[in-house]
Amino acid sequence: MKNNTAKLNEIGRELMVLKGIIGQLSWDESTFMPPSAAKERGEQLAMLNNYYHRILVDPALKSRIDDVDISILSPSDKANIRILSHERLFHANIPEILIEKTSIQASISQQNWVEAKQQNNFALFSANLDKLIQLKKEIAEHVGYEKSPYNALLSEYEPGLTIENFKPIMISLEDKLLKIVSKIESAPKKPMHDILNRHIANDLILDFSTKTVQDMGFNSSYGRIDISSHPFCQSNVFQTDVRLTTRFVPEKPIETFYGLMHEAGHGIYEQGLPENYRGQLCSLPASTAIHESQSRWWENIIGRSPTYWYYLFPKFQETFKTSYQDVSMDDFILAINQVKRSQIRVSADEVTYNLHIIFRTELEQMIFENKIKTSELPEAWNEKCLRYFGSKPASFKEGILQDIHWAIGIFGYFPTYTLGNLCAAQFSNSFEVQNPNFKDD
């Protein structure tokens, strides 16, 4: 056996560069690209995705991987080979034309979703969503799976995850969370949540939020912050270019703040990946769930803690004195930690957030096991909301059109949010055990 890992690492770097270019175009698509350019952007992304795909399905790559004696490699080279092998196996049986069709359809669907959300019209989006679902079903069949086709898509974001091993987590969480919510709802003390809905000019809340995430550790020399219809973090693979976005919500400026704090958690993780392995596949994030654990840690465990706001609230009050001069720190901290059933996932509190993930996961499983039609999804969504939150969404944009994931063909991602929450809680617990003076420090 040969151990020519240099060539395999070279291929890995080429894949990372391609991912970066694709990421750059995708970021532009969600921020500054004219809506009319959707088809052409889809064709550009399709060409790049096809090239990425060809590298992975080249028989010579499989031969090179098979020819390596893993047992004698360094830990970093073992990781590089493991990641490359997983990526190759996912692509191995997918026809190139299917990659192309999916890329083009995802770009068209994304712009169509933006328009449908603005017009609060699911029917405007339904046909394009259905096309994307059918393409993803084809991909699942080509990738292969055990038991459920949904497993083929879950493995793309969290290798080894199946609906069979995730469902017990959902069942356990659902039972416990609903009991906690009911207990909190019956508590006599109620936060004054309306104090968070006071008007703050968009430019002021964005400026304050930007300074806050820089204070957290996000390095703007290696990234930038913009506005999009749905908050996201886009790393162009190498840690020198990490893009964050947030959104403006009328009369709810705190959502701009927490949206950016969440994405900055992703961005700080990306910027903190090991420089000594830069350009190698092993320098990529450990997993999607670990990625989400970092954003949820900053957003909730740090960002809603009394300790953090003892530091930040005087700055907040000084910046927005005309809106918050009469608000006490205790009332503010209670308000940002209010537990309340609501329809919007990205603004859900820590207790109810996972309920959003549970029912989205249930719907995705139904979609890919052919237990529901695309046209039936809005009513199914509304019934899930009634079950978990006690009411149906007032509109499509507060219901099935609120998330971008399905519009860009991302099915199987939602469970990683819940896994991320659980990882963040465990990391935080372990950290505080090892650093008992953490809050005082």
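Preceding block: the structure.
Nothing here was measured: the structure is a model prediction, and the numbers come from that model. (Residues numbered from 1 in each chain as written. Predicted model: local features only at pLDDT ≥ 70, side-chain atom pairs only at ≥ 80, totals over all residues. Heavy atoms only, no water.)

## Observations regarding the overall build of the protein
- Helix and strand counts for the protein stand at 17 helices and three strands.
- In terms of C-alpha radius of gyration, the protein reaches 22 Å, essentially the compact-globule figure of 22 Å for 441 residues.
- Its C-alpha atoms give the protein principal-axis dimensions of about 70 × 50 × 45 Å.
- Burial analysis of the protein (441 residues in total) assigns 53% to the buried set.
- Long-range pairs, those at least 24 residues apart, make up 71% of the contacts in the protein between residues at least 6 apart in sequence.
- Across the protein, 46 positive and 55 negative side-chain charges occur, with their mean positions spaced 2 Å apart. (Helix = DSSP H or I, 4+ residues; strand = E, 2+ residues; numbered from the N terminus. Rg over C-alpha atoms; globule rule 2.2 N^0.38 Å. Buried < 20%, exposed > 50% of the residue type's maximum accessible area, 1.4 Å probe, protein only. Contact = heavy atoms within 4.5 Å. Lys, Arg positive; Asp, Glu negative; His and termini not counted. Charge placed at Lys NZ, Arg CZ, Asp CG, Glu CD.)

## Quick look at the packing of aromatic side chains
- Under the counting rule described, the total for this entry stands at 32 aromatic pairs.
- Note on F313 and F332: the rings are 5.1 Å apart at their centroids and 45 degrees apart in plane angle, and the pair reads as tilted. Of this pair, F313 sits in helix α12 (residues 306-319) while F332 sits in helix α14 (residues 329-336), placing them 19 residues apart in sequence.
- Between F368 and F411, the aromatic rings sit 5.2 Å apart at their centres with planes inclined by 70 degrees, giving edge-to-face as the arrangement. With F368 in helix α15 (residues 353-368) and F411 in the loop between α16 (377-389) and α17 (415-434), the pair connects residues that are 43 residues apart, well separated along the chain. There is no split in this pair, since F368 and F411 are both buried.
- Taking NZ or CZ as reference, K19 lies 5.0 Å from the ring centre of Y52, over its face.
- Its guanidinium or amino end placed over the ring of Y258, R304 lies 3.9 Å from that ring's centre, counting from NZ or CZ. (Phe/Tyr/Trp six-rings, centres within 6.5 Å; stacked < 30°, edge-to-face > 60°. Lys NZ or Arg CZ within 6 Å of the ring centre and 35° of its normal.)

## Remarks on helix α7 (residues 150-157)
- In terms of residue burial, α7 counts as a mostly covered element, since seven of its eight residues are buried.
- Considered for burial, the residues of α7 that qualify are Y150, N151, A152, L153, L154, S155 and Y157.
- Elements that come into contact with the buried residues of α7 comprise α4 (75-91), α6 (123-143), α8 (163-185), α11 (288-302), α15 and α17.

## Looking at empty space enclosed by the protein
- Scanning the model with the defined rule gives three cavities of 30 Å³ or more in all.
- One number sums up the size of the largest cavity: a volume of about 40 Å³.
- As for the largest cavity, its lining consists of L8, N9, G12, N80, I81, L84, Q280 and L281.
- For the lining of the largest cavity, the secondary structure elements donating two or more residues are α1 (5-31) and α4.
- Taken together, the residues of the lining of the largest cavity sort by class into four nonpolar, four polar and no charged.
- Within this model, the second largest cavity holds a volume of roughly 40 Å³.
- Lining the second largest cavity, in full, are W381, I400, D403, W406 and F414. (1 Å grid on protein atoms, 1.4 Å probe; cavity = no way out; pocket = protein on both sides within 12 Å on 5 of 7 lines; lining within 4 Å. Points joined across faces, edges and corners; volume = space filled by probe spheres on them. Nonpolar A, V, L, I, M, F, W, Y, C, P; charged D, E, K, R; others polar.)

## Remarks on the sheet that holds strand β1 (residues 223-227)
- Ordered in space as β1-β3-β2, the three strands form an open sheet in which the pairing is mixed. With partners counted over all chains shown, the strands left at the sheet margins are β1 and β2 (233-235), one partner each. Each strand axis lies, on average, 20 degrees off the axis of its neighbour in the sheet, ignoring direction.
- Packed onto the sheet, helix α10 (residues 253-271) meets β1, β2 and β3 (242-246) and runs at close to 165 degrees relative to β3. (Pairing = 2+ DSSP bridges. Axes fitted to C-alpha atoms, helices over the stretch in contact; angles between N-to-C directions.)

## Thoughts on the side chain of T245
- Positionally, T245 belongs in strand β3.
- Separated by 2.7 Å, the side chains of T245 and S228 make a polar contact.
- The contact partners of T245, leaving out residues within four places of it in the chain, are W27, T31, D226, I227, S228, H230, P231, F232, L260 and E263. (Polar contact = N/O pair within 3.5 Å; in protein donor to acceptor, adjacent residues only side chain to side chain.)

## Some points on the layout of surface pockets
- The space that makes up the second largest pocket amounts to roughly 280 Å³.
- Lining the second largest pocket are 14 residues, and of these I302, S305, T307, Y308 and F438 lie nearest its centre.
- Mapped by element, the contributors of at least two residues to the lining of the second largest pocket are α11, α12 and α17.
- With four residues, the top contributor of residues to the lining of the second largest pocket is α11.
- Looking at the lining of the second largest pocket, its residues break down into eight nonpolar, three polar and three charged.

## Some remarks on the pattern of salt bridges
- Counted by the stated rule, this structure contains 22 salt bridges.
- When the shortest N-O distance is used, the salt bridge between R41 and D28 registers 2.9 Å. Of the two residues, R41 sits in helix α2 (residues 38-57) while D28 sits in helix α1, which places them 13 residues apart along the sequence.
- Note on R41: relative accessible area 12%, which makes it buried.
- Its salt-bridge partner being D403, residue R345 comes within 3.0 Å of it at the nearest N-O pair. One end of the pair, R345, is in the loop between α14 and α15; the other, D403, is in the loop between α16 and α17, and 58 residues separate them in sequence.
- Among the residues examined, R345 registers a relative accessible area of 2% and is labelled buried. (Salt bridge = Lys/Arg side-chain N within 4 Å of Asp/Glu carboxyl O.)

## Describing the nonpolar core
- One finds F125, L129, L377 and W406 to be the most contacted residues of the largest nonpolar core, which totals 55 residues.
- The biggest single contributor to this core is α15, with eight residues.
- Those residues in contact with L377 that lie beyond four places of it in its chain are L129, I133, I367, I372, I400 and W406.
- Counting 33 residues, the second largest nonpolar core, distinct from the first, contains L260, F313, F320 and I336. (Core = buried A, V, L, I, M, F, W, Y, C linked by side-chain atoms within 4.5 Å.)

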